[in-house]
Structures are given as C-alpha cells and as structure tokens.
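Below, each chain spelled out in residue letters.
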Amino acid sequence: MNAQGHVKDPKLAEAGVNRIEWAEREMPVLRQIRARFERERPLRGKKIAACLHVTTETANLMLTLKAGGAEIALCASNPLSTDDVASALVHRYGIATFAIKGEDPETYYQHIGATIDIHPQFTMDDGADLVTVLHTKRGDAIQHVIAGTEETTTGIIRLRSMAREGALKYPILAVNDAKTKHLFDNRYGTGQSTIDGILRATNRLLAGSAFVVLGYGWCGRGVASRARGLGAHVIVTEVDPLPALEAVMDGFRVMPAPEAVKQGDIFVTVTGNIHVLGLEHFRSMKDGAIVSNSGHFNVELDLDALRKEAKSVRTVRPFVEEYTLPGGKRIFILGEGRLINLAAAEGHPASVMDMSFANQALGVEYLLTHAKELKANVYPIPVALDQEIARLKLEALGVRLDTLTPEQIAYLASWQQGT
Ligand code: ADE
C-alpha cells in the first residue's frame, strides 16, 4: 500500500473507465456542477477524506471534487467495492483510492487510516466509520478537520448519538436528510437495486411469492413497492406506529416478525438495527426461505447464531449460502448478509446517485464558507440547495414547472379571503 492507493489489479482500469463513463451519462446534475467547479475551482487546496461505496457513481463524485481543485483520498465504506472502478480511479484519474472487494476488517480499517493520513480538512462519510475512527483512534488528525458530510440514515443516527454525548468534534451536514436524497435514493434507488440484487443472486420469480420487508422507512417503502410491482404478496413489519399505519394504508399486510417469518418466502431487512432476524426467527421460517439484508451494516441478520445452529453451510451459487438446520430445514442467506444491492448487483442506479452526490458536492462547497458559523453538531442541508438540485434534475429531464399567477401569489400571501 502506498499513498497513491491500494487496489486489486491495475489491469482492470480500462473496464472501470468504461463503466464510470456509462454512469456519467445518467448524472447530468453532477456534470453541471463539475463544469462549474472546473471554472471556479472552489475546493482549490482543500483535502477531503471520503469513505463511500466505491462504485461508478462515487467515481463521478470524486472527479467532480477533483475538478473543483480538491486533493482526495477515497476508501470503501464496506467490503463491497468494485475493483475495476478503484483501479481506474488510481491508474487513470490519479485519485488516491484504497479499496479491494472482499477486504477483511483489518484491511478495511487500514484503508480508512490511509485516507486520514492526508490530514483532511473535510470528511465525506457513508455510515460514519471514518468519523468514528478519527474520533477514537486518530485524534492526531482531527485538529485539521473543519467539517464533514454524511450520506446515510445509519450514519446520521450514529453521529446524532455522538453529538448528544458531546463526543462529536466538528459539524456534519446530513446529506441523507435532503429531500433530493432520501425521497429518491433511499426509496427508488434501494427499492430497485435491492430487488435487482435478489434477482441476480437467485433468479427467483417474485410473482405470487410472500415477500417480507422488515422496516418501513424510505428504503423499506421502496423495496415493498417494487416487490409488489413484480407481483409479490408483500408483508411489512414495523416497530413505529406511524410508518406501520402508512404501510397498512399503502395496502400491505402488517404483522409482528414472529408471525411474518412463518409466512414469508423471501425476506429483506431494512431497519438499520441489529439482529432484526435472529435464531428464533430462522427456526420458524419455511424450508427454503430466502433471507437478505439491504440495511447499511451486516448486523441485521444474526448469522453467528445461525451458523452455530446449522448442521452444515455450503455455497450453492454465487451470493447464496445454504444453512441446513437440525431436522433438515434449509435457509438461504444472500450476500453473507451484507447490502444485497451492492453485493450481488451494482448499488443504486446513477440517476438517483446524481442527486445524492450533487448534495455531497454542493454540501462541501457550502461548508467551505459556512462551517465556521456551525457548532459540532449534525445539520440539515440548506433547503435552497435541495430545491436547486431538484430544479436542475427536472431541467435535465426536460420537465417544466407550472407558474403561479399574480392573483394566486397574492392569495397565498393573504389571510382575509376564505370561502
Ligand atoms: N449506495 C447505494 N448505491 C450506491 C452507489 N451506486 N454508489 C455509491 N453509494 C451507493
């Protein structure tokens, strides 16, 4: 490993370039930001450590930040990186990248450490592992950090808990909370790519199957609606009354997990919580149940307990492991319980990452001038940025808005006029 990066194989670079360019075609908002960054160079002289899924879309974000003048070190936010993209970033685009698909936990944390070694002024995180390492093991580098951004619901939950305990040392912009992020990336991105991962791994027909979605946040909503679109009978489990009620009125059956596990053929966890499916659940499932996770970390399925209980475990096709329980029941676990959309498919499509990463790029630019006004806390993306990203996306899609008449503007500003 050297300062230029640590990737699997330089020979993969060309394939990576082709795929990065393919994604770029679907990222018009980021392309516009990149063109402006090239002219204005707002990030000149700034160092950014980024810990994101190393995908073709992330590569386009890195190129945008580089166009803005930033020096970047990128590492993976879990072991599911794409080796061709990582290789292209190092060997064609000169962006220091530390990511190898399937890397073990030790290498994963060495890679995070390598990004911190550049002594960044900004962090860009997906799940908050980079921020956690900086705060717990790399206090030496924290004095240089001005601010950061966080991509996911999971990361923001961790960071809010750090802020509550007074442990957070610099301000973070919650990219996930922008409407142009979670309403599209979490819902349509996770929705489509999770189904894509399950289908690529299993080639199963969803029509007519009992499909259980555990968690009805924005990701759960997306997965449930796409599974229904393919003809599955969708069951939702929830712990929060409001989303549970929404799931009921959206037309799904809602029930506790111990009941759902008896009925389901295919399961997806999308809660952000630990051990959502544990041994008791696995024991109650039907023979042949297919179980996957699309929450950020691989903690939602208690696979240690399942492994201990199983008489045997074998790989029956790529991304599918068969666990045989005493008594002969078989449970199929997809992608070792890691994000199935990145393990067996390619993550969210570029068109939604376009908006998520526009938030990242404009978020860092915002922090350049505003970080000094912020305390060490978690902040929303300014509404004006969110609206600007929606406007640019609509423009790129060729969709025009209606306009208010002067009478309507006056009506909305007044309160005297009723019926
Ligand atoms: N998270 C989910 N899908 C992703 C993608 N395509 N790129 C980066 N992060 C992601």
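Residues numbered from 1 in each chain as written. Predicted model: local features only at pLDDT ≥ 70, side-chain atom pairs only at ≥ 80, totals over all residues. Heavy atoms only, no water.

S.K.: Looking at this structure, how should I read the overall build of the protein chain?
M.R.: When its secondary structure is counted, the protein chain shows 18 helices and 16 strands. Against the 2.2 N^0.38 benchmark of 22 Å for 419 residues, the protein chain shows a C-alpha radius of gyration of 22 Å, consistent with a compact globule. Dimensions along the principal axes, computed over C-alpha positions, put the protein chain at roughly 70 × 65 × 45 Å. By residue count, 55% of the 419 residues in the protein chain fall in the buried class. For the protein chain, the accessible surface area stands at approximately 19,000 Å², while carbon and sulfur atoms represent 53% of it. For the protein chain, the distance from the average position of its 46 positive side-chain charges to the average position of its 49 negative side-chain charges is 1 Å. (Helix = DSSP H or I, 4+ residues; strand = E, 2+ residues; numbered from the N terminus. Rg over C-alpha atoms; globule rule 2.2 N^0.38 Å. Buried < 20%, exposed > 50% of the residue type's maximum accessible area, 1.4 Å probe, protein only. Areas by Shrake-Rupley, 256 points an atom, 1.4 Å probe, with all protein chains shown as cover. Lys, Arg positive; Asp, Glu negative; His and termini not counted. Charge placed at Lys NZ, Arg CZ, Asp CG, Glu CD.)

S.K.: Looking at this model, I keep getting lost on the nonpolar core. Mind explaining?
M.R.: Leu61, Met62, Leu65, Leu89 and Met124 are the most contacted members of the largest nonpolar core, which has 53 residues in total. For this core, the element with the highest residue contribution is helix H16 (residues 350-370), accounting for nine residues. Once residues lying within four places of it in the same chain are set aside, the contact partners of leucine 61 are Leu30, Leu52, Met124, Phe357, Gln360 and Ala361. Judged by nonpolar contacts, the second largest core, of 27 residues, contains Ile118, Val145, Leu168 and Tyr170. (Core = buried A, V, L, I, M, F, W, Y, C linked by side-chain atoms within 4.5 Å. Contact = heavy atoms within 4.5 Å.)

S.K.: Is there a simple way to think about a nonpolar patch on the surface in this case?
M.R.: Residues Leu245, Val248, Met249 and Val254 make up a contiguous nonpolar surface patch of about 380 Å² in total accessible area. Examining the composition of the nonpolar patch, we find that three residues originate from one element, helix H11 (residues 241-249), more than from any other. Among the secondary structure elements, methionine 249 is positioned in helix H11. (Patch = residues over 30% accessible without salt bridge, like charges linked within 9 Å, V, L, I, M, F, W, Y side chains within 5 Å. Salt bridge = Lys/Arg side-chain N within 4 Å of Asp/Glu carboxyl O.)

S.K.: Even after reading the chapter, I still don't get the site of the ligand, so can you show me in this structure?
M.R.: In the neighbourhood of the ligand, the contacting residues comprise His53, Thr55, Glu57, Thr58, Glu346, Gly347, His348, Met353 and Phe357. Between threonine 55 and the ligand, the recorded distance is 2.6 Å, taken from a side-chain N or O atom to a nitrogen atom. Backbone polar atom of histidine 348 to a nitrogen atom of the ligand: 2.8 Å apart, as the coordinates give it. In isolation the ligand offers 260 Å² of accessible surface; the protein chains occlude 94% of this area. When contributions to the shell around the ligand are tallied by element, the ones reaching two or more residues are helix H3 (56-67) and H16. Class assignment of the residues belonging to the shell around the ligand gives a composition of two nonpolar, five polar and two charged. (Near = heavy atom within 4 Å. Polar contact = N/O pair within 3.5 Å; in protein donor to acceptor, adjacent residues only side chain to side chain. Nonpolar A, V, L, I, M, F, W, Y, C, P; charged D, E, K, R; others polar.)

S.K.: What am I meant to see in the domain arrangement of the protein chain here?
M.R.: A common way to express how large an interface is: the accessible area buried when the components associate. By domain assignment, the protein chain separates into domain 1 (5-181 + 348-397) and domain 2 (189-343). Centre-to-centre, using C-alpha coordinates, domain 1 lies 29 Å away from domain 2. Buried area between domain 1 and domain 2, both sides added, is near 1,100 Å², and the carbon and sulfur share of it is 66%. The largest per-residue losses of area from domain 1 upon contact with domain 2 belong to Leu80, Thr154 and His348, which jointly make up 46% of the total buried on that side. Run the count over domain 1 and domain 2 and you get four residue pairs in polar contact (both at pLDDT 80 or more). The residue makeup of the side of domain 1 that touches domain 2, split by class, is four nonpolar, eight polar and four charged. (Domains from an automatic or database assignment. Buried area = accessible area lost by both parts, 1.4 Å probe.)

S.K.: Can you help me understand the packing of aromatic side chains in this one?
M.R.: Two aromatic rings are characterised by how far apart their centres lie and by the angle between their planes. Counting across every chain of the model gives three aromatic pairs. Ring geometry for tyrosine 108 versus tyrosine 109: centroids 5.0 Å apart, planes at 85 degrees, classification edge-to-face. Consider the rings of phenylalanine 184 and tyrosine 188, whose centres lie 6.1 Å apart with planes at 45 degrees: the pair is tilted. Highlighted residues: phenylalanine 184 and tyrosine 188, both in helix H9 (residues 179-202), separated by four residues, approximately one helical turn. In this structure, lysine 137 is placed above the aromatic ring of tyrosine 109, and the distance from its NZ or CZ to the ring centre is 6.0 Å. Positioned above the aromatic ring of tryptophan 218, the side-chain terminus of arginine 221 is 4.3 Å from the ring centre. (Phe/Tyr/Trp six-rings, centres within 6.5 Å; stacked < 30°, edge-to-face > 60°. Lys NZ or Arg CZ within 6 Å of the ring centre and 35° of its normal.)

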